[in-house]
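Chain residues, written in single-letter form:
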Amino acid sequence: MAGNDWINSYLEAILDVGPGLDDAKTSLLLRERGRFSPTRYFVEQVITGFDETDLHRSWVRAAATRSPQERNTRLENMCWRIWNLARQKKQLEGEEAQRIAKRRLERDRGRREAIADMSEDLSEGEKGDTVSDISAHGDSIRGRMPRISSVDAMETWVSYQKGKKLYIVLISLHGLIRGENMELGRDSDTGGQVKYVVELARALGSMPGVYRVDLLTRQVSSPEVDWSYGEPTEMLTPLNSESFMEDMGESSGSYIIRIPFGPKDKYVEKELLWPYIPEFVDGALNHIIQMSKVLGEQIGDGQPVWPVAIHGHYADAGDSAALLSGALNVPMLFTGHSLGRDKLEQLLKQGRISRDEINTTYKIMRRIEAEELALDASEIVITSTRQEIEQQWRLYDGFDPILERKLRARIRRNVSCYGRFMPRMVIIPPGMEFHHIVPHDGDMDGETEGNEDHPRTPDPVIWSEIMRFFTNPRKPMILALARPDPKKNITTLVKAFGECRPLRELANLTLIMGNRDGIDEMSSTSASVLLSILKLIDKYDLYGQVAYPKHHKQSDVPDIYRLAAKTKGVFINPAFIEPFGLTLIEAAAYGLPIVATRNGGPVDIHRVLDNGLLVDPHDQQSIADALLKLVADKQLWAKCRQNGLKNIHLFSWPEHCKTYLTKIASCKPRHPQWQRTDDGTENSDTDSPGDSLRDIQDISLNLKFSLDGDKNEASGNPENSDENAVDGKSKLENAVLTWSKGFVRDTRKAGFTEKSDQNTGTGKFPALRRRKHIFVIAVDCDTNTDTLETAGKILEAFGKEKTEGSVGFILSTSMSISEVHSFLVSGGLSPSDFDAFVCNSGSDLYYSSLTSEDSPFVLDLYYHSHIEYRWGGEGLRKSLVRWTASINDKMADNERIIVENEQVLTEYCYAFKVQKPGMVPPVKELRKLMRIHALRCHVIYCQNGTKLNVIPIMASRSQALRYLYVRWGVDLSNIVVFVGESGDTDYEGLLGGVHKTVILKGVCASNQLHANRTYPLTDVVPFDSPNIVQMTEDCSGSDIRSSLENVGVLKG
């Protein structure tokens, strides 16, 4: 106890005083806080920022202990805990200050460097925008929420939409989602987001020009939840059935599509879903492709109807949407709902648990990385409020409001942004459906009696459940609807009500705090809040004035609003911070004036509705004054009510969807760049060869022979491509004609001969389309010798199936195609041993050529058009070269530890040699730097850190496999990926999904690059999945065969 005597003395004084001080003996400050608890005062005021309610419980037990020895033991324990809290608080405050300062410096430096690159004079729009005057997406305050203000304008917009037949995909993974009888509040995953996405899907499906909306979620077939969550498909009842029936087609409307992924027969909380995201992506990809074909037959003249956008909700769905957007090459939208960085900041400030404990509990770093990826991939980020942009999104590396405005100004001026991209932040408040709401015009005193023609409707049951608490149920009702969470600030509301006698005399207070059976069965945090409220009710003797029913159904909520309006009451949301405040809109729709926190979304809502008062949630007196003002001043109450009812249509779902669809229409259309003919082979438009030749000059839409490796593709060697332009065009034309229809046409001029498969009797390209199984060799060994040994073992183990043609092989590697060629020659392997080659970490895709006279490889340039979205090109390359120079400048004796590798770089892969892997920044730091500079790319350390590949954000080795499915129909479940025990920094992407993964223990065991991340591998890899097979060290080819046969591959 040395050094802590002051704490000991303080607590001894507390124990001597007893559980509380007489109000008359305490200061005004302490009396305003309610009954004074010295211990709680010490914890809350002396050691601020900590919610250590258990300290107070320990003190109560210590005070009640008769034995001096036991009392002293408990007292000593409390002293140590408080001392540790104080020390931890000081340490956390220091770390927080350092982190904020470092981040500010990084952001400012990155912005300065980005602006320096964009060296042209800035326009007035770039110079003059300020956060106070202009929102982060460039709109003025008045234009921040563009809305339809008249029926004529809506009719004009509807007529414009008619004739369109859009297909929209929404994704919301966690929680329990169904169209009717939603179990909101059942758990932390089934809350407001579930209601939002279901109502959004339903509303979009009823809009003109929208043919089909799919809401993708997880299929849950578990005995612990209702059977309906296991149904694969559920159609959502349209909002307006009559108008919907007019344009209804065979597959039109809104649907919930449940994709099975993760543990079977088990309901899993969102923090544990991360390892199974790739499995969902593969399942969702299959559904979207099949649905696109179905819609193509119905409304697309036989051509697939691709989604006009894929919209992810929350971080897990944002990660999924980014992968699906990349696999399908369609625009992506994202809505965060709540953000990981903001939650991390709040938890760190509380100081109850460390950063490591936060990550273990909430998988917060994986969530943040998913949100950063969503920023990289999204065209539009939809937010509910300006506060979300200015205070939450700006915490992310991938978004800077100031740099975003400068880039937007340059785009408007048609000036180059030098490869920099920033998503558009768009404020679209959530909608509501108001057609069924009829505001109550009567009051408790003016009730009319029923008669034979119009019998009086019986009061809802929930009314009696609430009014039984009140001595005088006719007084105006102050209504709060929030779960018992410290952030919702309900205790301050009760204190404000209890300490304001005029307010108690004029009104009742109703607290709807979720559902509960017993306090002991609630979470510790919720139970603590509820107990505090019950103690305050007892302290201020509020019996007969406060209602707190234990149960209510979701269908009861409208009746609760109606009861409050009937009594001429007020709705209050006193939360410390409210991201949006949907309950405020709901209350306004029923004619209730509002009192709301001035922190967050309610500011924007109040600006539009002008139907109440904003308050400081920390100011108890301000809350009481605002409530008293609205309850006592009937003219003000009526004015606020009228304003709310007059403006509430601005938050309707049709308005929301109109703005939503307008923003989607502003996105540049993207979709797979090839079409298919009836026989399943490829063609550009029709069966006419002339049609496909029109696109020959667009090199991103064709197959290309690679004659001498990477040099033709290298952006630094344009003269090479000029030299061979004429010859290359001839070869391109013949390649397209030969392979797009699957047989040889007029190839004699080029001297090509068909190398058809003897066993299948067909020459359709590529050969992998005919395989029953595809084996992908993706081991990342330190040396070519080790890689050759492993590849040889796998090829030999399945030699019989290879000869029969039932199994094909793909080599997936960080090497360039020229390095692959040398690698194959050195190992005595032939390019024809493989059907395809995924090179440069996934930025290039080659197929084995059927001719051996010129080049053994054919480059798929369609793949480049698929991955080039947001590729920074030369602007990115210059930034990377400058970064390498900054690293080398720090070395002594002009030592160059990282240099550009011009021999192997290609148009879509910038490669660098790393001389000393241990001295370069980790991949997460380089990725962070690129995001701060608004450069969107995929950074990969390869070959045990001796090589750095920088490729498009949409490219990866795992995404290349999904491309093969989208383009060639290669069934992902029939793919087997062979990896080592570790690998390059993109290693984790190869382990998940519906394909089988074979982990070869002992192979690449020394390579620990993949461990260089902000979260553990177990957070993203489902090692318990039946799709992952782990082999023992030094396993033989026969062992590998046996393992695959055990998991259903190569049966029979």
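Up top you'll find the structure we're talking about.
Residues numbered from 1 in each chain as written. Predicted model: local features only at pLDDT ≥ 70, side-chain atom pairs only at ≥ 80, totals over all residues. Heavy atoms only, no water.

Asker: Even after reading the chapter, I still don't get the environment of Arg877, so can you show me in this structure?
Answerer: Mapped onto the secondary structure, Arg877 falls in helix H34 (residues 873-889). Remark: the alpha-carbon pair of Arg877 and Val950, spanning 73 residues in sequence, is separated by 9.0 Å. Ignoring any residue separated from it by four or fewer positions in sequence, one finds Arg877 in contact with Glu900, Glu902 and Tyr910. One polar contact links Arg877 to Glu874, side chain to side chain, over a distance of 2.9 Å. In terms of polar contacts, Arg877 uses its side chain to reach the side chain of Glu900, at 2.7 Å. (Helix = DSSP H or I, 4+ residues; strand = E, 2+ residues; numbered from the N terminus. Contact = heavy atoms within 4.5 Å. Polar contact = N/O pair within 3.5 Å; in protein donor to acceptor, adjacent residues only side chain to side chain.)

Asker: I'm lost on helix H20 (residues 524-539) in this one. Help?
Answerer: Every α-helical turn comprises 3.6 residues, leaving residues that sit three or four positions apart pointing alike. Between its terminal C-alpha atoms H20 stretches 22 Å, which fits the 22 Å expected from 16 residues at 1.5 Å a residue. Where H20 is concerned, the buried positions are Ser526, Ala527, Ser528, Val529, Leu530, Ile533, Leu536 and Ile537. Two residues or fewer past H20, Asp541 is found with a positive phi of approximately 50 degrees. (Expected span 1.5 Å × (residues − 1). Buried < 20%, exposed > 50% of the residue type's maximum accessible area, 1.4 Å probe, protein only.)

Asker: Please clarify how the sheet that holds strand S13 (residues 594-597) should be interpreted in this entry.
Answerer: Strand pairing within a sheet occurs via backbone hydrogen bonds; the two strands may be parallel or antiparallel. Ordered by their spatial adjacency, 6 strands build an open sheet running S11-S10-S9-S12-S13-S14, and the pairing between neighbours is parallel. Looking along the sheet, the strands with just one partner apiece sit at the ends: strand S11 (546-547) and strand S14 (612-615). Pairing analysis gives 2 bridges linking strand S10 (residues 508-512) to S11, with the strands arranged parallel. Its bridge partner being in S11, Leu509 is matched across the sheet by Val546. Sitting on the sheet, helix H21 (residues 557-566) is in contact with strand S9 (477-481), S10 and strand S12 (570-573), with an inclination near 155 degrees to S9. (Pairing = 2+ DSSP bridges. Axes fitted to C-alpha atoms, helices over the stretch in contact; angles between N-to-C directions.)

Asker: Please clarify how the pairing of S9 should be interpreted in this entry.
Answerer: For a regular strand, the rule is simple: side chains alternate between the two faces of the sheet. A large share of S9 lies buried, amounting to 4 of its 5 residues. Direction of pairing for S9 relative to S12: parallel, over a ladder of 2 bridges. Note on S12: the bridge partner recorded for Ile478 is Val570.

Asker: I tried to follow the pattern of salt bridges on my own but got confused; where do I start?
Answerer: Any two side chains of opposite charge can pair, so long as their charged atoms come close to each other. Applying the stated criterion across every chain, the model contains 41 salt bridges. Measuring nitrogen to oxygen at the nearest pair gives 2.8 Å for the salt bridge that ties Lys195 to Glu586. With Lys195 in helix H8 (residues 192-205) and Glu586 in helix H22 (residues 582-589), this residue pair connects regions lying 391 residues apart in the sequence. Here the residues in one salt-bridge network are Arg178, Glu183, Arg186, Asp187 and Asp226, joined through shared partners. (Salt bridge = Lys/Arg side-chain N within 4 Å of Asp/Glu carboxyl O.)

Asker: I keep staring at the packing of aromatic side chains and nothing clicks. Help me out?
Answerer: Aromatic ring pairs are defined here through the distance separating the ring centres and the angle between the ring planes. For the structure shown, the criterion picks out 18 aromatic pairs. Their ring planes at 50 degrees and their centres at 6.4 Å tell us that Phe798 and Phe978 sit as a pair that is tilted. Of the two residues, Phe798 is situated in the loop between helix H30 (784-797) and helix H31 (799-804) and Phe978 in strand S27 (residues 975-980); the sequence distance between them amounts to 180 residues. Phe978 matches Phe798 in its accessibility class, with the two residues each being buried. Aromatic side chains Tyr847 and Trp968 sit 5.9 Å apart centroid to centroid with 90 degrees between the ring planes, which places their arrangement in the edge-to-face category. Of this pair, Tyr847 sits in strand S21 (residues 844-848) while Trp968 is found in helix H36 (residues 957-968), placing the two residues 121 residues apart along the sequence. Comparing Tyr847 with Trp968 shows no difference in burial state: the two are buried. Put simply, the rings of Phe775, Phe798, Phe809 and Phe978 touch in pairs and so form one group of aromatic residues. (Phe/Tyr/Trp six-rings, centres within 6.5 Å; stacked < 30°, edge-to-face > 60°.)

Asker: I'm lost on the environment of Thr491 in this one. Help?
Answerer: Here Thr491 lies in helix H18 (residues 490-499). Remark: the alpha-carbon pair of Thr491 and Leu534, spanning 43 residues in sequence, is separated by 9.5 Å. Among residues more than four places away in sequence, those in contact with Thr491 are Val529, Ser532, Ile533 and Leu536.

Asker: Which parts of the structure should I look at to understand helix H26 (residues 653-665)?
Answerer: Here H26 contains 13 residues, and its C-alpha end-to-end distance of 18 Å stays within 8% of the 18 Å for a straight helix at 1.5 Å per residue. Counting buried positions along H26 gives 10 out of 13 residues, so the element sits mostly inside the fold. All of the buried residues in H26 are Trp653, Glu655, His656, Cys657, Lys658, Thr659, Tyr660, Leu661, Lys663 and Ile664.

Asker: What's the story with the packing of H18 against H20 in this structure? I'm lost.
Answerer: A pair of packed helices is characterised by two quantities: the angle between their axes and the separation of those axes. Contact pair H18 / H20: the axes reach a minimum separation of 9 Å and the direction vectors enclose 5 degrees. Considering the angle they form, H18 stands roughly parallel to H20. For the pair H18 and H20, contact is made by Ile490, Thr491, Val494 and Lys495 and by Val529, Ser532, Ile533 and Leu536, respectively. (Parallel < 35°, antiparallel > 145°, perpendicular 65-115°, else oblique.)

Asker: Would you mind going over the side chain of Asn647 with me for this structure?
Answerer: Positionally, Asn647 belongs in helix H25 (residues 634-647). For Asn647, a relative accessible area of 17% corresponds to the buried category. Of the polar contacts made by the side chain of Asn647, one reaches the backbone oxygen of Leu609; its length is 3.4 Å. Beyond its immediate stretch of four places on either side in the chain, Asn647 contacts Val608 and Leu609.

Asker: I keep staring at the sheet that holds strand S23 (residues 898-900) and nothing clicks. Help me out?
Answerer: Overall, antiparallel pairing links the 4 strands, which are arranged S23-S24-S26-S25 in an open sheet. On the outer flanks of this sheet lie S23 and strand S25 (937-942), each paired with one strand and no other. Pairwise comparison of adjacent strand axes, ignoring direction, gives a mean angle of 25 degrees for this sheet. Judged from the 3 bridges that link them, S23 and strand S24 (residues 910-914) form a sheet pairing that is antiparallel. Paired with Glu900 across the two strands is Phe912, which belongs to S24. Against the sheet, helix H35 (residues 923-932) makes contact with S25 and strand S26 (947-952), and its axis sits at roughly 160 degrees relative to S25, the strand it touches most.

Asker: What is the right way to look at the nonpolar core in this model?
Answerer: Grouped burial of nonpolar side chains is what soluble globular proteins tend to show. Ranked by internal contacts, the top residues of the largest apolar core, which has 107 residues, are Ile171, Phe280 and Leu964. Residues Val529, Val546, Ile594 and Phe651 belong to the second largest nonpolar core, which totals 74 residues. (Core = buried A, V, L, I, M, F, W, Y, C linked by side-chain atoms within 4.5 Å.)

Asker: What exactly am I supposed to notice about unusual backbone geometry here?
Answerer: Leaving glycine out, the prevailing phi sign among residues is negative, and the prevailing peptide bond configuration is trans. In this model, Lys363 sits at a positive phi of 50 degrees, which is unusual for a non-glycine residue. On the accessibility criterion, Lys363 (13% relative accessible area) is buried. For Asp610, which is not a glycine, the phi torsion comes out positive at approximately 50 degrees. The topology assignment puts Asp610 in the loop between helix H23 (602-609) and S14. You can call Asp610 partly exposed: its relative accessible area is 40%.

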